[in-house]
Amino acid sequence: MALKESGEMYLETILILSQEKKHVRAIDIANERDFSRASVSRALSLLKDSGHVEIDEDDFITLTDKGMELANEIYNRHLVLSEIFQKLGVDEEQATTDACKIEHHISSETFNAIKKHFGYK
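Structure report, in brief. These figures come from a predicted structure and were not determined experimentally.

### Some details on the overall build of the protein
So, step 1. The helix and strand tally for the protein stands at six helices and two strands.
So, step 2. Listed N to C, the secondary structure of the protein is α-α-α-β-β-α-α-α in terms of helices and strands.
So, step 3. Dimensions of the protein along its principal axes, counting C-alpha atoms only, are 45 × 30 × 25 Å.
So, step 4. Within the span of the protein, comprising 121 residues, buried residues form 39% of the whole.
So, step 5. In the protein, of all internal contacts separated by at least 6 residues, the share reaching a separation of at least 24 is 55%.
So, step 6. Accessible surface for the protein amounts to roughly 7700 Å². Of this, 49% is attributable to carbon and sulfur atoms.
So, step 7. Counting 15 positive and 23 negative side-chain charges, the protein places the centres of these two groups 3 Å from one another.

Right under this line is the structure:
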């Protein structure tokens, strides 16, 4: 079952936070995205049930292999699209905003064609 955009955003946020800090907790996600604790708790429960994250006895959140694979895919799309938009002359803030919107909806076929066209592997 594919995750919705919001689930992908949570995975991407966990990935980014885990690169910045040793341990990620729900409060870190809430603060990073300016979400309520209740929203984060609900999303994490769904991500845990779907096998994308694990939460240990200290409430530290880690991505499973399945979660890591999807988070890396989404984050890679974000980085590549943002960079391409900037190369096209879009300012960094707008390029990042637009990449964030598109990364969840673009097909693999189209994304791979864009990467190929712009010389990405």
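Moving on, there is more to tell.
### Considering the side chain of E8
So, step 1. Of note, E8 is situated in helix α1 (residues 5–20).
So, step 2. For the buried residue E8, which engages in no salt bridge, the nearest side chain bearing the opposite charge is R77, 6.6 Å off.

### Here's the deal with the nonpolar core
So, step 1. If you look at the biggest cluster of nonpolar residues, it comprises 21 residues, and the most contacted ones within it are L11, I14, I29, V53 and L63.
So, step 2. Residue assignment for this core shows that the elements contributing at least two residues are α1, α2 (26–33), α3 (37–49), β2 (61–63) and α4 (65–87).
So, step 3. Among the elements that make up this core, the one with the highest residue count is α1 (six residues).
So, step 4. Dropping the residues within four chain positions of it, V53 is found in contact with L11, I14, L44, L47, K48, I61, T62, L63 and T64.
So, step 5. Counting residues in each nonpolar core, the second largest holds nine residues, with L81, I84, A99 and Y120 among its members.

### Points about a negative patch on the surface
So, step 1. Taken together, the side chains of D56, E57, D58 and D59 make up a negatively charged region of the molecular surface.
So, step 2. As for its placement among the helices and strands, E57 is situated in the loop between β1 (53–55) and β2.

### Observations concerning the side chain of T13
So, step 1. Within the element layout of this structure, T13 appears in helix α1.
So, step 2. Under the relative-accessibility criterion, T13 is labelled buried at 2%.
So, step 3. T13 has contacts with I29, E32 and R33, leaving out every residue within four places of it along the chain.

Conventions and cut-offs
Residues numbered from 1 in each chain as written. Predicted model: local features only at pLDDT ≥ 70, side-chain atom pairs only at ≥ 80, totals over all residues. Heavy atoms only, no water. Helix = DSSP H or I, 4+ residues; strand = E, 2+ residues; numbered from the N terminus. Buried < 20%, exposed > 50% of the residue type's maximum accessible area, 1.4 Å probe, protein only. Contact = heavy atoms within 4.5 Å. Areas by Shrake-Rupley, 256 points an atom, 1.4 Å probe, with all protein chains shown as cover. Lys, Arg positive; Asp, Glu negative; His and termini not counted. Charge placed at Lys NZ, Arg CZ, Asp CG, Glu CD. Salt bridge = Lys/Arg side-chain N within 4 Å of Asp/Glu carboxyl O. Core = buried A, V, L, I, M, F, W, Y, C linked by side-chain atoms within 4.5 Å. Patch = residues over 30% accessible without salt bridge, like charges linked within 9 Å, V, L, I, M, F, W, Y side chains within 5 Å.

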